[in-house]
Amino acid sequence: MKRKLGVIGGLGTDTAAKFYIDAERMWHAAGEPNHIPLMIENIQSPFSLEQSLTKTMARVKELKDFLCQAAKSLEQGGATMVVLPCNTAHVHIEAVRNTISIPMLSITEETAVKLSTYKIKVAAILGTRVTRLSKIYDQECNRAGVNALYPSESDQLIVEKIIQRALSWKNNESDTKQLLRVIDNAIKQGADGVVLACTDLQLCMPGKSPDFVFDSMETLAEASVKRLLET
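Since we're looking at a predicted model, the values are computed, not measured.

(A) Layout of the nonpolar core. Counting residues in hydrophobic clusters, the biggest one holds 23 residues, and the most contacted among them are I8, L11, L63, L67 and L84. Of all elements in the fold, only α3 (60-76) and α4 (93-99) reach the threshold of two or more residues within this core. Per-element accounting of this core gives the leading share, seven residues, to α3. Counting 21 residues, the second-largest nonpolar core is a separate cluster that includes A124, I162, A191 and C198.

Rendered as structure tokens:
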């Protein structure tokens, strides 16, 4: 049976590129001799919208049509499954799923399942303002028996600035140090696990992350490859 992974990109160029590379490596690690069957469709939204979503809900509705159009283009191009390596954009996942007739994996669902597998009880969710206010992680975490915890307002602002800098390719060692401090504060708040609930945050982590830090993008790549192999 034909199989092809369709990736909605354009919400963090570095992230979409890294998703492809990670998925390719996982594909070969599973014993597949050829390249992973994958295609990427960059959404055609303005960069100002992407920046806005890190810190406010004001323009969230604008994103939906861009996502739905990208998903339809992937399906028309032969994709048999769709993924969206962007946590924030999952606020519209049901609308996107209703637009297409092929399966669409959810980064929040897959991450919550992984947290449960690792027996995490309280997970700190580090992401954009939209991810925080829309609580897209809360329902999935609750289903998995995990409590979602959010950083203090001051740490939330730090996370948002780090994401904005990563989106503009300006992240540096200072961002890494600040992110590690936020993670440390989350553990002090009572979290036994921390979710990088913005796929751009993994760009600011050191080479080897602590075992209690869960990269949502890596988790989605793992789930995508696993599902493709099962097809």
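Once you've had a look at it, read on.
(B) Spotlight on the sheet that holds strand β4 (residues 122-126). The parallel open sheet is built from four strands, whose spatial order is β5-β4-β6-β7. Lying at the two open borders of the sheet, with one neighbouring strand each, are β5 (147-149) and β7 (213-215). Each strand of the sheet is rotated relative to its neighbour by a mean of 30 degrees, with strand direction disregarded. Bridge count for β4 against β5 is three bridges, and the pairing is parallel. Pairing of V122 across the sheet is with N147, part of β5. Here helix α9 (residues 173-189) sits on the sheet and contacts β4, β5, β6 (193-196) and β7; the angle it forms with β4, its principal contact strand, is near 150 degrees. Each of β6 and β7 is contacted by helix α10 (residues 216-230), which is oriented at about 55 degrees to β7, the strand it contacts most.

Rules of the game
Residues numbered from 1 in each chain as written. Predicted model: local features only at pLDDT ≥ 70, side-chain atom pairs only at ≥ 80, totals over all residues. Heavy atoms only, no water. Core = buried A, V, L, I, M, F, W, Y, C linked by side-chain atoms within 4.5 Å. Buried < 20%, exposed > 50% of the residue type's maximum accessible area, 1.4 Å probe, protein only. Helix = DSSP H or I, 4+ residues; strand = E, 2+ residues; numbered from the N terminus. Pairing = 2+ DSSP bridges. Axes fitted to C-alpha atoms, helices over the stretch in contact; angles between N-to-C directions. Contact = heavy atoms within 4.5 Å.

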